[in-house]
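Fold and contact review
These are the residues of each chain, in order.
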Amino acid sequence: MYQTVVGLEIHIHLNTKSKAFCSCLAEFGDEPNTNVCPVCLGYPGVLPVLNEEALTQGYTVARALGCNLSQRTLFDRKNYFYPDMPKNYQITQFHDPVGRDGKIEFQAHDGTIKTIRIHDVHLEEDAGKMIHAGDMSLCDYNRAGYSLLEVVTEPDLTSGEDAEAFLLSFQRLVRYLGVSDGNMDEGSMKCDTNVSIRKAGEPLGTKVEIKNLNSTRFIKKAIEFETKRQATALETNQRIVQETRLWNENRDVTESMRSKEGSLDYRYFPEPDIPPFLPDAAFWAAVESRQVELPLARKHRLTAAFGLSREQGDFVAESRFMADFFEQAAKESGNGLAVANWLMGDVQKELNHFNLSLEASPLTPFRLAQLQKLLDSGRIHIKIAKQLLDAVFEQNKDPEVVMREKGLEAITTEEQLSPIVDKVFEAHATVVEAIKAGDARQKGFLVGQVMKATDGRAAPALVNSLLAKRLG
Amino acid sequence: MDIGELETTAALAQIDLGEGDLARLGDAVSQMLAYFEKMNALDTEGLQPTTHALVKDNRVRPDIVEPSALADDLVDRAPEREDRFFVIPNVL
């Protein structure tokens, strides 16, 4: 039986307003070639200047991934001839990347915690976009020069499922750090996947690189397909060729990319236009100030502190906003479990109904906590609580305010309930007589009438005890 | 310079070179390489590579957008374009 060995090269677009080496706007979807200048179009004689924010974000990620951080980071030119890069080279980091030799934990597919080693984290620039049509190719350089961060893992993953789980946790991590939106479908996160197989205990096999993977699900499927393909090849005494293959999402297979003339030699050399960067105390402090409690640690802490299930923990730690929202509401209300249930259930329903995100909704941690406190103190019932939640979304008011305005507070004292029961008994005297004569079946009818008369606000236990007393 | 290497380099750069070009450029490139060989002969044992001279402080810029006033001109200067796309022979 073969073992699958997977290493990932993950690219993320960093959250910078301008490009990495020039001041052009870094934004998607504009008219072609509007956010361009002589620097990102690779004109001779220009001087690229490094965006400090890109550097800060790069170090922030490297630090969060437990890397050794470079005290003197340097850029290199990676030479290649392809028109998506008008300079004929990409500015990247080869010899002195911002970080090396990191490691990070993630929750594997089966729930166990695994550690992945990080080979390096380096900054570079993205290439332009090309459209191939007939006998011509169209070039748009709006994306050329975007700040890109590449994270290269060691080959520590052992299945498609784990690769997918790792990518999802990496995506959460960069979102928590606020350095990228990590959306694969919009191209702000991309991942090339290296796959090889071996028998247990044997050295690493020949690896194949798979490209064109734009969702975590495709990555899982591609690894599974490639494992089978390579195993079949070995079983039939064929050699596995070290090559680049493309994922064909229509056929669910990987296909060999026509190999280029010989192997590419990128002839890396130090980028003479970008001087080395030596982080000073202020820079290190900025990197430190951007560290956050990482998603996995946060999930574990919230789960333990509020007695959540694994599913609830996953849900509330999914985004930093959700985790902050949950934690605040849980502390404020003193009932984390109920808050998690609200967030996963009725709050999601309201958000879907109003087509809102939690961020944009009128619900705040304070309002959710207030709702739960009203419920826990018996001032409202669950049915009323759901009405109040709906009212928060409809009217953008605190639940307690709506409760008062609409008189929805529960009737919890005999004093309040007695006159109502009197009226119901008067109106249904024959039923009362029948029950007193022994027909207990009609008791439920009276309970219903009292509830109706109070718009469901009467505490059920109180109604039952009061009726029992009156009916003997 | 080995002609094969020159052909590979030309192919990578997507440049078509005829027999005459290859001979002419082969000589020119060989001359350049001979010059580098002279530099290669120098004894640099124990010396730190100098990637950048005269750099004292970090040189970075703040993350501020300043759209280039030249974008339209640069597009206009393209030998061939379609709308705002630069047009080149198909390279796929």
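These remarks concern the structure in this document. (Residues numbered from 1 in each chain as written. Chains lettered and ligands numbered in written order. Predicted model: local features only at pLDDT ≥ 70, side-chain atom pairs only at ≥ 80, totals over all residues. Heavy atoms only, no water.)

Re the overall build of chain B
Where we set the bar: Only DSSP runs of H or I reaching four residues or more are called helices, and only runs of E reaching two or more are called strands; each is numbered from the N terminus. The atom set for the radius of gyration is the C-alpha atoms, and the globule formula is 2.2 Å times the number of residues raised to the power 0.38. What sets the accessible areas is the Shrake-Rupley method with a 1.4 Å probe; for residues, cover comes only from the shown protein chains. Charge counting follows a simple rule: Lys and Arg are positive, Asp and Glu are negative, and His as well as the terminal groups are ignored. Taken as the charge centre is NZ of Lys, CZ of Arg, CG of Asp or CD of Glu, depending on the residue.
Looking only at helices and strands, one finds three helices and three strands in chain B. Taken from the N to the C terminus, the helices and strands of chain B come in the order α-α-β-α-β-β. Relative to a compact globule of 92 residues, whose C-alpha radius of gyration would be 12 Å, chain B shows 22 Å and is clearly more extended. For chain B, the C-alpha atoms occupy an extent of roughly 50 × 50 × 20 Å along the three principal directions. For chain B, the accessible area works out to roughly 7300 Å², and carbon and sulfur atoms hold 54% of it. A gap of 11 Å separates the mean positions of the 8 positive and 19 negative side-chain charges of chain B.

Focus on the nonpolar core
Residues and elements named next belong to chain A. Short version of the rule: As used here, the term nonpolar core means buried Ala, Val, Leu, Ile, Met, Phe, Trp, Tyr and Cys residues forming a set that is joined through side-chain atoms within 4.5 Å. The buried label applies to any residue whose accessible area, calculated with a 1.4 Å probe on protein chains only, is under 20% of its type's maximum; exposed applies above 50%, and partly exposed to all values in between. Contacts are assigned to residue pairs that have any heavy atoms within 4.5 Å of one another.
Counting 54 residues, the largest nonpolar core has Leu55, Leu65, Val121, Phe166 and Phe170 as the members making the most contacts within it. Of the residues forming this core, the biggest block, eight residues, is contributed by helix 2 (residues 160-177). Excluding residues within four positions of it along the chain, Phe170 makes contact with Ile10, Ile12, Leu65, Val151 and Met189. In this structure, Tyr176, Leu375, Ile384 and Leu389 belong to the second largest nonpolar core, which totals 35 residues.

Digging into the packing of aromatic side chains
Residue and element names in this part refer to chain A. So the rule is basically this: Only centres within 6.5 Å qualify two rings of Phe, Tyr or Trp (six-membered ring in Trp) as a pair; their planes then separate them into stacked at under 30 degrees, edge-to-face at over 60, and tilted for everything else. The criterion for a charge sitting over a ring is simple: Lys NZ or Arg CZ within 6 Å of the ring centre, and within 35 degrees of the ring normal.
A full pass over the atoms with the stated rule returns 15 aromatic pairs over all chains. Centroid distance Tyr266 to Tyr268: 6.1 Å. Interplanar angle 70°. Geometry classified as edge-to-face. When its relative accessible area of 26% is taken as the criterion, Tyr268 is described as partly exposed. Taking the centre distance of 5.4 Å and the plane angle of 85° together, the rings of Phe306 and Phe326 count as edge-to-face. Taken as a pair, Phe306 in helix 5 (residues 295-306) and Phe326 in helix 7 (residues 320-333) lie far apart in primary sequence, 20 residues in all. Accessibility classification places Phe306 together with Phe326 in one group, the buried group. A network of ring pairs unites the aromatic residues Tyr59, Phe277, Phe283 and Trp284 as a single cluster. The positively charged end of Lys78 is found above the aromatic ring belonging to Tyr266, 4.3 Å away from the centroid.

Quick look at the interface of chain A and chain B
Here is the rule: Accessible area, probed at 1.4 Å, shrinks when two parts are joined; the buried area is that loss added up over both. Each residue receives one of three labels: charged for Asp, Glu, Lys and Arg, nonpolar for Ala, Val, Leu, Ile, Met, Phe, Trp, Tyr, Cys and Pro, and polar for the others, Gly being one of them. At least two bridges found by DSSP between two strands are what make those strands a pair.
Residue-level contacts link 55 residues of chain A with 32 residues of chain B. Between chain A and chain B, roughly 3700 Å² of surface is buried when both sides are summed, and carbon and sulfur atoms account for 63% of that area. Of all residues in chain A, the largest losses of buried area upon contact with chain B belong to Ser23(A), Phe81(A) and Pro275(A), amounting jointly to 15% of the total for that side. Broken down by secondary-structure element, the contributors of at least two residues to the side of chain A that touches chain B are strand 2 (50-51), helix 1 (52-64), strand 8 (129-133) and strand 9 (136-140) of chain A. In terms of residue count, the dominant contributor to the side of chain A that touches chain B is strand 9 of chain A (five residues). Residues that form the side of chain A that touches chain B fall into these classes: 35 nonpolar, nine polar and eleven charged. One ladder, built from two bridges, connects strand 2 of chain A with strand 1 (residues 60-61) of chain B; its direction is parallel. Its bridge partner being in strand 1 of chain B, Asn51(A) is matched across the sheet by Arg61(B).

Some remarks on the packing of helix 10 (residues 365-376) of chain A against helix 12 (residues 399-406) of chain A
Residue and element names in this part refer to chain A. To keep things clear, this is the line we draw: Lines fitted to C-alpha atoms define the axes here, with helix axes fitted over just the stretch in contact, and angles between the N-to-C directions of these axes take values from 0 to 180 degrees. To sort the angles, those under 35 degrees are grouped as roughly parallel, those over 145 as roughly antiparallel, those from 65 to 115 as roughly perpendicular, and the leftovers as oblique.
Orientation of helix 10 relative to helix 12, taken along the N-to-C sense of each, is 50°, at an axis distance of 8 Å. Between helix 10 and helix 12, the angle falls in the class oblique. Here helix 10 contributes Arg367, Gln370, Leu371 and Leu374 to the contact with helix 12, which in turn contributes Pro399, Glu400 and Met403.

With respect to the sheet that holds strand 3 (residues 85-89) of chain B
Read from one edge to the other, the open sheet built from four strands follows the order 8(A)-9(A)-3(B)-2(B), with strand pairing classed as antiparallel. Lying at the two open borders of the sheet, with one neighbouring strand each, are strand 8 of chain A together with strand 2 (81-82) of chain B. As defined by bridge partners, strand 9 of chain A adjoins strand 3 of chain B across four bridges and the pair is classed as antiparallel. What sits directly across from Leu138(A), in strand 3 of chain B, is Val87(B).

A word on the packing of helix 11 (residues 382-395) of chain A against helix 12 of chain A
All names here are of chain A. Between helix 11 and helix 12, the least distance of the axes is 9 Å, while the angle of their chain directions is 100°. The pairing of helix 11 with helix 12 is recorded here as roughly perpendicular in orientation. Of the residues in helix 12, those in contact with Leu388, Ala391, Val392 and Gln395 of helix 11 are Pro399, Val402, Met403, Glu405 and Lys406. The class makeup of the residues in the contact of helix 11 with helix 12 is six nonpolar, one polar and two charged.

A closer look at the sheet that holds strand 11 (residues 189-199) of chain A
Residues and elements named next belong to chain A. Sheet architecture is open: nine strands sit in the order 3-6-7-10-1-11-12-13-14, paired in mixed fashion. Every other strand in the sheet has two partners, leaving strand 3 (68-69) and strand 14 (253-256) as the edge strands with one partner each. Looking at chain direction, strand 1 (residues 2-13) and strand 10 (residues 147-153) are connected through five bridges and run antiparallel. Looking across to strand 10, one finds that His11 is bridged to Glu150. Along the sheet, helix 5 contacts strand 6 (99-107) and strand 7 (113-125); its crossing angle with strand 6, the most-contacted strand, is approximately 35°.

A look at the pairing of strand 11 of chain A
Residue and element names in this part refer to chain A. Burial within strand 11 is extensive, with eight of its eleven residues counted as buried. Two strands pair when backbone bridges link them, and strand 1 and strand 11 are joined in this way by eleven bridges, in the antiparallel orientation. Along strand 11, the bridge assignment pairs Ile12 with Met189. Bridging between strand 11 and strand 12 (residues 208-211) involves three bridges; their strand directions are antiparallel. When the sheet's bridge partners are listed, Val195 is paired in strand 12 with Val208.

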